[in-house]
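What follows is the residue order along each chain.
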Amino acid sequence: MPIKVPWTKGVYPALVTPFLRETEVLDEAAFRRLIRHCLPHVNGVVTSGTTGECSYLTRGEQRRLLEIALEECNGKPVIAGCGASGTAEAIALAKDAKAAGATAILVVTPYFLHPSDKGVYQHFYDIATSVDIPLVLYNIPQVVDRYLSREVVEDLADLPTVVGLKDSSGNLTYTMELLEYVGDRIDILVGHDEVVLPALAGGVSGMILASAQVYPEVWQAVLQFVAEGNLAAARKAQREVQKLSRIFCRYGGGVAVKAALAMMGLDMGVPRRPLKAVGGALLHETRAEIELELERIGKVETPEIEFSYPEGNLAERFGALEITAAMISEHRLKIGSGTAGEGLNRVQIDLIAGGKGTPLGDSYALQLTYPQHGREALTTILEPALTVCPPTLTLPTLDQRNLRQANMIYGPMQLAVARAVADALEDGTIGREATQQEVMIALVTVHPKVVDRHALALAGQEAARGAVRQAFAHARASG
Amino acid sequence: MGYKTDWFKGIFPALVTPFDGRDRLDEATYRRLIRRLLPDVDGVVPAGTTGEFSYMTAEERMRVIEIAVEEANGRVPVVAGTGASSTQETVRLTEMAKSAGATAALVVAPYYLKPTYNEVYDHFRAVDKVGFPIVLYNLPQCTGTHFRWWTAEGMLLDLEHVIGIKDTSGDLPFMAALFEKVRGKVGIFVGHDEVALAAFASGADGAILASANLIPDVWQRIYRAVQSGDLEAARQDQQRIQRLVRIVTQTAGPQAVKEGLTAMGLPMGNARHPIMPGGGFKREDYEELRLQLEASGIEKIVKRPVTYDLGGKRIVTEVFATPQTPEVIGEWEIKVGEGFAGPPFHELAHVDLLIGRADGPVGRAIERSTANWGAERGIKLINERPRLLLVPTVTLRSAKSKRLFYEEAARGVNLAVQHSIEDGFLPDTVLDEIVLIANVFVHPAASIATRIFGNNYKATRHAIRKAIEGRPTVDELIQEKAAARHPFRYAP
């Protein structure tokens with residue numbers, strides 16, 4: 001007879017496994033720190049799961065992680081990841097878990113050689129009948145490359161030690177099918193951070209999540225709100241962490257979680273190779289995005305940045321380009337400025353255009369050898385290989401301190417300036433003769449903490465349009 | 001019971017369909033295309049996938065079939081594309097092709113709603129009742145359904161008017177099963193340009209190919225070499241065109257073929273929307289396709305004289321010009337060209353290039369940069385004639401980044417300059433007067449040295465040509481500004 005256990009109704013972090021830099025040796029002290037950090041907000045922990053890089057751990061290391069977790073958890077449940085490609089190894093890991101005193105084992109669908117459903121059933125059956133410990137099945141097609149088939153789960157749910165299934169697929173049609181077929185016999189836990197709320201609303205009992213070591217209290221709130229039937233509050237809570245959850249699920253996994261924890265002051269060292277701490281699954285740009293999101297939800301303190309939008313006489317704002325008001329007047333350079341957007345999304349664009357043979361031509365060429373470190377100029381493009389004409393540089397007025405900040409300029413602002421130029425070509429504001437004879441430089445100021453690329457892009461486009469219109473209308477009036 | 005006909009063999013181009021500036025069928029250009037191809041082909045295929053049949057009305061499809069029949073004039077067979085999503089429409093189009101005088105119909109598997117294999121079988125059974133020779137057409141890339149060998153074998157052997165199958169899947173195990181089951185009983189054609197040689201060598205009777213619009217003569221050489229048992233000659237030719245055909249098959253085929261033909265001097269316009277210029281067939285693909293069409297052994301774009309007007313000095317240089325290349329190239333103060341090449345992601349090359357007179361803004365920028373902050377910021381002169389300043393777009397922090405930048409990327413940039421001197425775009429006679437600044441991006445997480453070299457070579461080669469020819473044009477910008485997809489515009 002299958003059994004239902006009470007502890008599945010809760011929030012469980014799938015703990016990362018910390019490794020020392022250089023040596024990749026298990027860092028036990030860091031692991032203890034991590035558990036102590038999580039424990040007040042969670043119902044228990046999961047060791048050596050997917051997020052814990054289980055497939056890179058020796059059997060001894062997995063046992064050690066479990067022992068530490070049991071010592072630290074003061075009686076809260078500890079679920080031991082016991083996944084393996086082959087059945088014999090999975091049984092050995094399960095026996096270790098039982099001997100150490102784990103609450104339950106989490107066993108992933110056997111991977112790599114793609115056994116048949118028959119083989120998959122036998123794998124779980126052999127484990128369940130060899131070791132008397134509650135067993136949580138684990139579906140994660142993203143790494144196993146196959147689903148644990150519902151038909152197999154239907155039969156496995158009859159085994160007396162099988163108490164639950166963790167579904168990390170994020171595929172709610174599968175989750176709902178499981179609830180329909182086995183929900184009365186075993187508990188389903190959601191393992192995909194992006195769909196916690198809909199999965200809970202659909203009837204899953206609890207969750208095992210990578211992000212539950214970063215913001216466990218958010219998940220406790222979502223769990224509580226759904227239990228109370230307060231869907232509006234649950235949605236709000238889930239939405240606050242939607243982007244971070246997406247990054248953890250899709251753009252870096254445990255590596256991204258380690259990066260986030262490091263930003264929060266919990267150094268978890270490096271992942272084991274072949275994973276890279278950054279620059280592999282976790283892009284540099286994404287890492288910068290994580291930091292910003294952690295700042296937004298209050299997990300990381302926001303550094304104060306002093307800055308201001310350029311003001312005063314427009315003709316005197318191009319000094320960084322070595323263009324003076326006198327040169328503007330002497331060489332009939334066209335200038336214009338535009339501002340749009342509110343608060344963090346405010347954009348100011350100061351634009352200068354003129355002949356290739358004027359000092360602006362010199363300035364244009366010089367900027368591509370970046371005389372101003374941290375304010376590198378880029379050729380303005382609608383998309384790669386679609387450069388605008390007249391040739392236009394987009395240049396930030398503030399030092400770009402990190403990739404995330406740079407991405408607000410080199411993505412949304414570059415496109416905004418490019419679109420404004422193309423619009424002006426279409427409506428005749430910029431004449432076709434200018435495209436061969438002139439160059440332009442757009443000086444762009446955005447708030448260093450801006451996060452909303454969409455609002456920023458719209459504001460940028462409006463500001464750029466204003467700047468182009470003013471520059472070329474002015475030229476027409478005076479010319 | 002299907003059967004094998006004598007005429008169903010050899011090289012058949014899957015004809016592109018030209019549309020004019022107002023998106024109407026351009027009959028005159030279509031006739032020119034067919035006339036140009038006829039000497040090198042064994043048949044033609046109007047209204048196929050490359051012919052954008054799915055964007056054409058039934059009337060337009062019939063019209064291109066009629067024109068193909070007129071132009072072929074009995075000299076070569078016309079296999080008309082008559083596929084549609086529903087059985088009723090497919091039967092109707094096949095009947096129309098029959099009355100238009102086509103030789104056979106090429107019938108693609110019914111698409112979109114993904115019928116099951118037995119529904120597919122009965123679809124072709126219904127088409128067979130038209131009483132017109134039909135060629136089955138397997139194209140899982142577009143239809144979403146892949147004939148299994150048992151379905152194909154059943155249709156090929158059971159249906160009375162089936163004369164063969166065109167397999168465009170590129171799935172060689174599937175083709176091998178076809179050879180085992182039906183070779184000699186019906187015609188087996190390959191439709192995937194990248195594996196055509198492998199298919200010929202295994203016994204394919206012929207090929208219906210998108211790239212046969214561009215290089216029918218090379219395909220004839222390959223086909224005949226295999227027929228005569230000279231596999232080594234066929235391999236050399238296939239390798240020569242491999243990159244070209246990969247671009248055609250793996251990007252938006254119709255647009256690729258059209259832009260290729262346009263560059264060869266036969267203006268074809270664009271594919272119909274939603275296929276876009278710079279879409280699936282990316283701008284960097286165009287540059288590569290153009291370079292391939294110039295290559296030795298292909299030679300579809302040849303050199304012609306272009307005048308470089310450097311103010312006080314005018315020279316004439318022979319370059320691989322297209323109809324888009326200006327006759328006279330002036331404005332040598334600053335020329336801006338951008339090049340972009342990939343994949344993979346971390347090894348993408350992005351080159352912002354300036355070309356200009358040594359005594360102009362570009363030359364002065366080089367002087368100032370090298371005299372002042374150049375050394376401190378890793379900016380280096382990497383070539384003397386022409387003078388070329390290499391600037392890293394982002395600060396190089398690790399030893400690995402520095403090695404990839406100064407060794408691999410720099411080598412790629414220099415080789416591109418060397419080849420641009422050889423192909424005439426940077427003529428030897430102006431190398432003392434012009435200088436270049438190459439602002440080059442190497443991602444901090446880049447790993448694959450060979451790709452850093454190769455992508456920077458390509459991006460620089462493209463950037464030089466774009467700078468000199470003044471591309472992209474104002475019209476291109478206006479046409480694409482709304483739909484442009486900037487990769488860094490969006491959050492993860």
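About the cut-offs
Residues numbered from 1 in each chain as written. Chains lettered and ligands numbered in written order. Predicted model: local features only at pLDDT ≥ 70, side-chain atom pairs only at ≥ 80, totals over all residues. Heavy atoms only, no water. Helix = DSSP H or I, 4+ residues; strand = E, 2+ residues; numbered from the N terminus. Buried < 20%, exposed > 50% of the residue type's maximum accessible area, 1.4 Å probe, protein only. Contact = heavy atoms within 4.5 Å. Areas by Shrake-Rupley, 256 points an atom, 1.4 Å probe, with all protein chains shown as cover. Lys, Arg positive; Asp, Glu negative; His and termini not counted. Charge placed at Lys NZ, Arg CZ, Asp CG, Glu CD. Axes fitted to C-alpha atoms, helices over the stretch in contact; angles between N-to-C directions. Parallel < 35°, antiparallel > 145°, perpendicular 65-115°, else oblique. Left-handed = near helix turned anticlockwise from the far one by under 90°. Nonpolar A, V, L, I, M, F, W, Y, C, P; charged D, E, K, R; others polar. 1 Å grid on protein atoms, 1.4 Å probe; cavity = no way out; pocket = protein on both sides within 12 Å on 5 of 7 lines; lining within 4 Å. Points joined across faces, edges and corners; volume = space filled by probe spheres on them. Core = buried A, V, L, I, M, F, W, Y, C linked by side-chain atoms within 4.5 Å. Pairing = 2+ DSSP bridges.

K.L.:
I tried to follow the overall build of chain A on my own but got confused; where do I start?
P.N.:
Looking only at helices and strands, chain A has 18 helices and 15 strands in total. Considered along the principal axes of its C-alpha atoms, chain A spans approximately 90 × 45 × 40 Å. Buried residues in chain A amount to 61% of all 479 residues. Taking the contacts inside chain A whose residues are at least 6 apart along the sequence as the reference set, 73% of them involve residues at least 24 apart. If you sum the accessible surface of chain A, you get close to 18,100 Å²; carbon and sulfur atoms cover 51% of it. Between the averaged position of the 45 positive side-chain charges in chain A and that of its 55 negative side-chain charges there is a distance of 1 Å.

K.L.:
For this particular structure, what's the right way to read unusual backbone geometry?
P.N.:
If a residue is not glycine, its phi is most likely negative; likewise, a peptide bond is most likely trans. Cis geometry marks the peptide bond from Gly342(B) to Pro343(B); its omega dihedral reads -15°. Counting through the fold element by element, Pro343(B) comes out in the loop between β11 (335-341) and β12 (349-357). At the junction of Arg385(B) and Pro386(B), the peptide bond is cis and its omega measures out at 0° in the coordinates. Tracing the sequence through the fold places Pro386(B) in the loop between β13 (380-384) and β14 (387-392). Positive phi, normally seen in glycine, also occurs at Glu53(A), with a value near 55°. Among the residues examined, Glu53(A) registers a relative accessible area of 7% and is labelled buried.

K.L.:
Help me understand the packing of helix α9 (residues 216-227) of chain B against helix α10 (residues 231-250) of chain B, please; the structure alone is not making it clear to me.
P.N.:
What describes two packed helices is the angle between their axes and the distance between those same axes. Residues and elements named next belong to chain B. At a closest axis distance of 8 Å, the pairing of α9 and α10 adopts a crossing angle of 150°. When the axes of α9 and α10 are compared, the pair comes out roughly antiparallel. In this structure, α9 crosses over α10, and the sense of that crossing is left-handed. Here α9 contributes Val 218, Trp 219, Arg 221, Ile 222, Ala 225 and Val 226 to the contact with α10, which in turn contributes Leu 231, Ala 233, Ala 234, Asp 237, Gln 238, Arg 240, Ile 241 and Val 245. The residue inventory of the contact of α9 with α10, partitioned by class, reads 10 nonpolar, 1 polar and 3 charged.

K.L.:
Help me understand the layout of surface pockets in this model?
P.N.:
Over the atoms, a rolled probe matching the size of one water molecule traces out where space is still vacant. Residues and elements named next belong to chain A. Its volume calculated, the second largest pocket comes out at about 780 Å³. Sorting the residues of the lining of the second largest pocket by element identifies α5 (141-144), β8 (206-209), α11 (242-250) and α12 (253-263) as the ones contributing at least two each. Partitioning the lining of the second largest pocket into residue classes produces 18 nonpolar, 11 polar and 4 charged.

K.L.:
Looking at this structure, I do not really get the nonpolar core. What am I missing?
P.N.:
Nonpolar side chains in soluble globular proteins tend to be buried together. Within the largest apolar cluster, 111 residues are counted, with the highest numbers of intra-cluster contacts made by Phe147(B), Phe200(B), Leu214(B) and Trp219(B). Counting residues per element, this core draws most heavily on helix α2 (residues 58-72) of chain B, at 8 residues. Contact partners of Trp219(B), with chain neighbours within four places excluded, come to Ile11(B), Asp193(B), Ala196(B), Phe200(B), Leu209(B), Ser211(B), Ala212(B), Gln238(B), Ile241(B) and Val245(B). Core analysis: the second largest hydrophobic core is formed by 91 residues, Val152(A), Trp219(A), Val257(A) and Val270(A) among them.

K.L.:
Would you take a moment to explain the pairing of β8(A) for this structure?
P.N.:
Moving residue by residue along a regular strand, the side chains alternate between the two faces of the sheet. Residues and elements named next belong to chain A. Side chains Gly 206 and Ile 208 of β8 all project onto a buried face; the interleaved residues Met 207 and Leu 209 project onto the opposite face, where all are buried too. Of the strand pairs in this sheet, strand β1 (residues 11-13) and β8 are connected by 3 bridges, and their pairing is parallel. Within the sheet, the bridge partner assigned to Val 11 lies in β8 and is Met 207. Alignment of strand β7 (residues 187-190) against β8, held across 2 bridges, turns out to be parallel. From the neighbouring strand, Val 190 faces β8, where its bridge partner is Met 207.

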